[in-house]
Amino acid sequence: MSKTIDGNEAAADVLAKLKVAAEQLTAETGVVPGIAVIIVGQDPASVYVAFKGKKAKGCGFHSAEHALPTQTPEKEVIAPVEKLNADPRIHGVLVQLPLPDHIDSSRITQTIAPEKDVDGFHFINVGKLGTGELDTAFVSCTPAGSMLLIEHVHGRDLSGLNALVVGRSNIVGKPMANLLLRANATVTVAHSPTKNLPRSADILVAAVRRPEMTKADWIKPGVTVIDVGINRISDGSNGKSRLVGDVVYGEAATRAGAITPVPCDVGPMTIALVMANTFTAASRDAGRGVALETCG
Ligand code: GUN
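Conventions we followed
Residues numbered from 1 in each chain as written. Predicted model: local features only at pLDDT ≥ 70, side-chain atom pairs only at ≥ 80, totals over all residues. Heavy atoms only, no water. Helix = DSSP H or I, 4+ residues; strand = E, 2+ residues; numbered from the N terminus. Expected span 1.5 Å × (residues − 1). Buried < 20%, exposed > 50% of the residue type's maximum accessible area, 1.4 Å probe, protein only. Contact = heavy atoms within 4.5 Å. Pairing = 2+ DSSP bridges. Axes fitted to C-alpha atoms, helices over the stretch in contact; angles between N-to-C directions. Disulfide = S-S within 2.5 Å. Phe/Tyr/Trp six-rings, centres within 6.5 Å; stacked < 30°, edge-to-face > 60°. Lys NZ or Arg CZ within 6 Å of the ring centre and 35° of its normal.

Colleague: Even after reading the chapter, I still don't get helix H6 (residues 141–154), so can you show me in this structure?
Modeller: At 3.6 residues per turn, the α-helix brings residues three or four places apart onto the same side. Taking 1.5 Å per residue as the helical rise, H6 with its 14 residues ought to reach 20 Å, and the 20 Å between its terminal C-alpha atoms agrees with that figure. When you tally the buried positions in H6, you get ten out of 14 residues, the bulk of the element. Buried within H6 are the following residues: Cys 141, Thr 142, Pro 143, Ala 144, Gly 145, Ser 146, Met 147, Leu 148, Leu 149 and Ile 150. Packing partners of the buried residues in H6 comprise helix H1 (7–29), helix H7 (173–182), strand E7 (203–206), strand E8 (224–227) and helix H9 (267–285).

Colleague: Which parts of the structure should I look at to understand the sheet that holds strand E3 (residues 62–68)?
Modeller: Hydrogen bonds along the backbone pair up the strands of a sheet, which may run parallel or antiparallel. Strand order in this open sheet of three strands is E3-E2-E4, and the pairing throughout is parallel. Looking at strand neighbours, the two that pair on one side only are E3 and strand E4 (92–95), the edges of this open sheet. Sheet twist, expressed as the mean angle between neighbouring strand axes with direction ignored, is 15 degrees. Bridge count between strand E2 (residues 34–40) and E3: seven bridges; the pairing is parallel. The residue bridging Ile 38 from the neighbouring strand is His 66, located in E3. Strand contacts of helix H3 (residues 75–85): E2, E3 and E4, with the helix running at about 180 degrees to E2, the strand carrying the most contacts.

Colleague: Whenever I open this one, unusual backbone geometry confuses me. Can you help?
Modeller: Pro 98 follows Leu 97 through a cis peptide bond whose omega is 0 degrees. Mapping Pro 98 onto the fold places it in the loop between E4 and helix H4 (105–111). Of note, Asn 184 is a non-glycine position whose phi angle comes to about 75 degrees, a positive value. With respect to the secondary-structure elements, Asn 184 resides in the loop between H7 and strand E6 (186–190). Owing to a relative accessible area of 43%, Asn 184 belongs among the partly exposed residues under this scheme. A positive phi angle is found at Glu 212, which is not glycine, with a value near 50 degrees.

Colleague: Would you explain the state of the cysteines in this entry?
Modeller: Here, disulfide denotes a covalent bond that connects the sulfur atoms of two cysteines. As enumerated under the stated definition, the model contains zero disulfides in all. No disulfide involves Cys 59; its nearest neighbouring cysteine sulfur is the one of Cys 141, lying 13 Å away. A residue is classified by how much of its surface remains accessible, and Cys 59, at 2% relative accessible area, is buried. For Cys 141, a relative accessible area of 2% translates into the label buried.

Colleague: Can you walk me through the packing of aromatic side chains in this structure?
Modeller: Between two aromatic rings, the relevant description is the distance of the centres plus the angle of the planes. In total, this model carries zero aromatic pairs according to the counting rule given. Between the NZ or CZ atom of Arg 284 and the centre of the ring of Phe 138, over which it lies, the distance is 4.6 Å.

Colleague: How do you make sense of the environment of Ala 286 when you look at a structure like this?
Modeller: You can see Ala 286 is positioned in the segment after H9. When its relative accessible area of 26% is taken as the criterion, Ala 286 is described as partly exposed. A sequence separation of 258 residues divides Ala 286 from Glu 28, and the C-alpha atoms of the two residues are 9.8 Å apart. Apart from residues lying up to four places away in sequence, Ala 286 is in contact with Leu 25, Thr 29 and Val 31.

See below:
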């Protein structure tokens, strides 16, 4: 049986280090890291927003939440983003996705000042990741968190290892591939229309949002599996549902060397990395480099 990768424990470790680092930053510079989260509508994601606020406060950060009604016009979402861009108490601005259909998510994301874009979604940050300018970039939090979990198993240098990323989203798949490349892995990116997935991967990151698309016989024994997928499927005819990942967990767990459990254990790492990025933003604002090593 494979080793379970404990995302909760890894996230708690990041948050504990952040708390100490933030106390030090505040004591030495007077800067209190500040994060603002905007949510539009009562999406189930509101639970995560409350959770982010709680974790931010636990790290000693200043935290603000702006909840807007579902029907809020786009320009009334842009206005608070612009206000937060100019607010010196706020170092990280995050607009929870998905947004209601009448709002252009990309327009909102690109309105966030790149130096406060703790999601790493702004084109400037995406470009910096692609070109290796990480000293001044922010990296998308789920791939950055997944990278830390991979590091726990394989260390920082992935030279000689084959990595397979299943999924090509801007939020997870593409930045994940870039981070793995940066760590010297040999990277293949597959996606839902891919036929004949390569079976040579030492590291497999599944982020395709297709329930149990990755079968156990697609992976070689000993692989490290990071399953980012959270998919709700019907559980037979009893009207109930259950959560599954992008990988067939039971079978994969018998073959993998190490695997994240289902439901996804990467979520706590994503939130921890949002806090790490906020700390980084505050450190940069205070004229300091990054004290905390979070994503290569
Ligand atoms: N919704 C799901 N994941 C994310 C994320 O990483 N950032 C934001 N802003 N919204 C999300």
